[in-house]
Amino acid sequence: MARSFEYEYEYDVFVSFCEEDTRTSFTGHLFAAFDRKKIRAYRGEEAGPELLKEIKTSNIAVVVFSKNYATSHLCLDELVKIMECKRLFNQRVIPVFYDVSPSEVRKQKGNLAEALLMNAPEDKVNSWKVALTDAANLAGLHLKPYRPEPEFIEEIVEVIWKRLKGESSTVQSRRQIDNPGAGEDFSITISQNDASSVQNAIAEWSRPFFFLCVS
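Okay, so let's go over this structure. (Residues numbered from 1 in each chain as written. Predicted model: local features only at pLDDT ≥ 70, side-chain atom pairs only at ≥ 80, totals over all residues. Heavy atoms only, no water.)

1. Overview of the state of the cysteines
Then comes step 1: Under the definition given, this model contains zero disulfides.
Then comes step 2: Unpaired in terms of disulfides, Cys18 finds its nearest cysteine sulfur in Cys75, a separation of 5.3 Å. (Disulfide = S-S within 2.5 Å.)

Below, the structure is given as structure tokens:
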């Protein structure tokens, strides 16, 4: 049976997304899928220091890049904080590309380029650009044309579930040294078509991270 994962983290997942684009569609369905798996996902409702604290206290950050993501200064500030947490605390970051390509985000093309120049000081714009490029260079998941959204959402959830399960299993194994009879069966079923991409993504996110200084 699905259950939440208990660590020092307040949330399993923090989701950064553009409300205008996806709250009532893609991201709304993603949150529902998290609920079904008992994955604790923070639903951003407020700006300011409290929101940034929730990023730091989340195990994994999922960034849903969409057409109007860069039009929201709040989204971009979240992204900067997320990438900071990745560098400082080794937070796992999973970029999801919805109706936008990794190349568009990496090179700030189209709407992203226009949005970055709107009513923002230069130092802010520079930090946003660095965060966008760094995030787009991470291993992520891209919704390709004609692929059903429910299938794509299920893949995202399974990737996160396996990551959380792996950490939970490690903790559980340590406990079983003193209590061999303890433990629960966390079974996961992944469709054959998605198994390869899921495994590749997990392998990429499992590699050691190195600290980099970006000038």
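Further notes follow.
2. Here's the deal with the sheet that holds strand β1 (residues 11-16)
Then comes step 1: The five strands lie next to each other as β2-β1-β3-β4-β5, forming an open sheet whose pairing is parallel. Edge positions in the sheet fall to β2 (41-42) and β5 (141-142), since each of these pairs with one other strand and no more.
Then comes step 2: Here two bridges tie strand β4 (residues 92-97) to β5, and the two strands are oriented parallel to one another. Pairing of Phe97 across the sheet is with His142, part of β5.
Then comes step 3: The sheet strands contacting helix α2 (residues 26-36) are β1, β2, β3 (58-65) and β4, and the helix crosses β1 at an angle near 175 degrees. (Pairing = 2+ DSSP bridges. Helix = DSSP H or I, 4+ residues; strand = E, 2+ residues; numbered from the N terminus. Contact = heavy atoms within 4.5 Å. Axes fitted to C-alpha atoms, helices over the stretch in contact; angles between N-to-C directions.)

3. Focus on the pattern of salt bridges
Then comes step 1: Scanning the model with the defined rule gives 10 salt bridges in all.
Then comes step 2: Of the charged contacts in the structure, one is a salt bridge between Lys53 and Glu54, with a shortest N-O distance of 3.7 Å.
Then comes step 3: With a relative accessible area of 6%, Glu54 lands in the buried category.
Then comes step 4: A salt bridge links Lys124 to Asp77, with the shortest nitrogen-to-oxygen separation between them at 2.9 Å. Of the two residues, Lys124 sits in helix α7 (residues 122-136) while Asp77 sits in helix α4 (residues 73-89), which places them 47 residues apart along the sequence.
Then comes step 5: Lys124 gets classed as partly exposed once you look at its relative accessible area, which sits at 32%.
Then comes step 6: Where salt bridges share partners, they join Glu10, Lys53 and Glu54 into one cluster. (Salt bridge = Lys/Arg side-chain N within 4 Å of Asp/Glu carboxyl O. Buried < 20%, exposed > 50% of the residue type's maximum accessible area, 1.4 Å probe, protein only.)

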